[in-house]
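Residue-level structural notes
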Amino acid sequence: MIDCKHVWDRISDFLDDTLSSETRKLVQKHLEHCEVCSAILDSTRNILILTADERVFELPVGYSERLHARLEEEIRPYRN
Amino acid sequence: MLPLLSAENSRLAPCATGDHLPMSQSPDRNAEAHVIAAILAGKTHLFHDLIRPYERTVFSMVMALLRNPQDAEDVVQEALLKALRNLHAYRAEARFSTWLVSIALNEARSWLRRQRAIESLDSSDETVHIAPELLSDWREVPSEALERLEVRKLLRDAVTELPMIYREVFLLREFQELTISESAQALSISTASVKVRLHRARIMLQRRLAPQLRPLAPKRRRFPW
């Protein structure tokens, strides 16, 4: 058996599925009966999901045009 | 020929290769290598095509660090100009996208340093144990929570207030979807350090956000996993 503190230290690896199978089983077993640790796991995972949803956003209008215009200023002298 | 500037911080240290595509739109690496060779041979106009698939993701990374679209745009322009001038220093051990992100990161760091708006970059105390927030009733469904602007603001504020070394790793992994090894390449640190920083970043956010988000949760519901 492992205690709560050991589970907390492994939450990130648990979420990334990078624990050894033996450790993962121990963590899973602990989570099955520990309401506190399973809530920590859920809330941490929720934060990652919220962050993932933040990936969808609007670029500023004209961003790409301005970027390529600036790059072109640099590139143009070397075209000839 | 392009002016040859010093490689500065843009050269990536050889490191383990990534194990999956960091971005869904990543072009074929062989085709990309041919375009890079052509640019270095004088067809500099092809640089437009080379960076086009990444201009969104580079902006999103810089924007997440700077939180100001005008500043982010300026920094991205400078970063991509630097990439053009230093393209000869690119080594194919790393994905081109990872290399670009590392340049953008360095440029954003420089900008933030100039603005004196960041915490000390060398406050890398990786030995302190960080305990998560103990609670048992924040298990809201994120898609429901995301409807609330205050949740998004809380999240952005919390990420912005992370110490820089943790914020960078967190954004590379969770926002840019880089692998652990790609994040290590982009930051020129070990994969072990990436894992440690990522864990701390996640727990810091959990500590900060869980108590704030709990009252906003519309209802309790367990995840299916």
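**Quick look at the overall build of chain A**
- A tally of regular secondary structure across chain A gives five helices and zero strands.
- Ordered by position in the sequence, the α and β elements of chain A form the string α-α-α-α-α.
- A globule of 80 residues ought to have a C-alpha radius of gyration of about 12 Å, yet chain A, at 23 Å, is considerably larger.
- Oriented by its inertia axes, the alpha-carbon framework of chain A measures out at about 70 × 25 × 15 Å.
- Within chain A, the proportion of its 80 residues that are buried is 25%.

**A few points about the nonpolar core**
- Val58(B), Val62(B), Val76(B), Leu80(B), Leu100(B) and Ala104(B) are the most contacted members of the largest nonpolar core, which has 62 residues in total.
- Mapped onto the domain boundaries, this core takes at least three residues apiece from domain 1 (29–115) and domain 2 (142–216) of chain B.
- Setting aside its immediate chain neighbours within four residues, Ala104(B) contacts Val58(B), Met61(B), Val62(B), Val76(B) and Ala79(B).
- In this structure, Val7(A), Trp8(A), Ala39(A) and Ile40(A) belong to the second largest nonpolar core, which totals eight residues.

**Concerning unusual backbone geometry**
Residues and elements named next belong to chain B.
- Phi at arginine 67 is positive, roughly 65°, even though this residue is not glycine.
- Inspection of the secondary structure assignment puts arginine 67 in the loop between α3 (55–66) and α4 (69–85).
- The partly exposed category is assigned to arginine 67, around which 14 C-beta atoms lie within 10 Å.
- Not every positive phi belongs to a glycine, and glutamate 177 is a case in point at roughly 65°.
- Mapped onto the elements, glutamate 177 comes out in the loop between α8 (164–175) and α9 (180–187).

**A short note on the environment of Asp3(A)**
Residue and element names in this part refer to chain A.
- Mapped onto the fold, aspartate 3 is located in the segment before α1 (4–9).
- For aspartate 3, a count of 10 C-beta atoms within 10 Å corresponds to the exposed category.
- Counting along the chain gives 24 residues from aspartate 3 to valine 27, while the straight-line C-alpha distance between them is 9.1 Å.

**Side note on the packing of α3(B) against α4(B)**
All names here are of chain B.
- Two elements in contact, α3 and α4, have axes separated by 9 Å at closest approach and are oriented at 130°. Judged on the interaxial angle alone, α4 and α3 are oblique. As for how α3 packs across α4, the hand of that crossing is right-handed. Contact residues: Val58, Phe59, Val62, Met63 and Leu66 in α3; Pro69, Asp71, Ala72, Val75, Val76 and Ala79 in α4.
- Class assignment for the residues of the contact of α3 with α4 results in 10 nonpolar, no polar and one charged.

**Quick notes on the domain arrangement of chain B**
Residues and elements named next belong to chain B.
- Split into domains, chain B comes out as domain 1 (29–115) and domain 2 (142–216).
- One C-alpha centre belongs to domain 1, the other to domain 2; they are set 23 Å apart.
- On the domain 2 side, the residues contacting the 12 residues of domain 1 number 10 residues.
- For the side of domain 1 that touches domain 2, the elements supplying multiple residues, two or more each, are α3 and α5 (96–115).
- In terms of residue count, α3 provides more of the side of domain 1 that touches domain 2 than any other element does, five residues in total.

Conventions we followed
- Once a new chain begins, its residue numbering starts again from 1 and follows that chain's sequence as written.
- Labels are handed out in written order, letters beginning with A for the chains and numbers beginning with 1 for the ligands.
- Restriction of local features to residues with pLDDT of at least 70 applies here, the model being predicted, together with a cutoff of 80 or more for giving and counting side-chain atom pairs; totals for whole chains, interfaces and linings are based on all residues.
- Numbering of helices and strands runs from the N terminus, with a helix taken as a DSSP run of H or I at least four residues long and a strand as a DSSP run of E at least two residues long.
- Between the two quantities, the radius of gyration covers C-alpha atoms and the globule rule is 2.2 Å times the number of residues to the power 0.38.
- In this scheme every C-beta is placed from the backbone, and a residue whose C-beta has 20 or more other C-beta atoms within 10 Å is buried, one with 12 or fewer is exposed, and one in between is partly exposed.
- By convention in this section, buried Ala, Val, Leu, Ile, Met, Phe, Trp, Tyr and Cys residues joined through C-beta atoms within 7 Å make up a nonpolar core.
- How far each domain reaches was decided by an automatic or database domain assignment.
- The contact rule is simple: place each C-beta atom from the backbone, and if two of them lie within 7 Å, those residues are in contact.
- Each axis is a line fitted through C-alpha atoms, and for a helix only the stretch in contact is used; angles between axes span 0 to 180 degrees, taken between their N-to-C directions.
- Working rule for angles: under 35 degrees goes down as roughly parallel, over 145 as roughly antiparallel, 65 to 115 as roughly perpendicular, anything else as oblique.
- Crossings are assigned a handedness: left-handed for a near helix turned anticlockwise from the far helix by less than a right angle, right-handed for a clockwise turn.
- Residues are sorted three ways: Asp, Glu, Lys and Arg are charged, Ala, Val, Leu, Ile, Met, Phe, Trp, Tyr, Cys and Pro are nonpolar, and all the rest, Gly among them, are polar.

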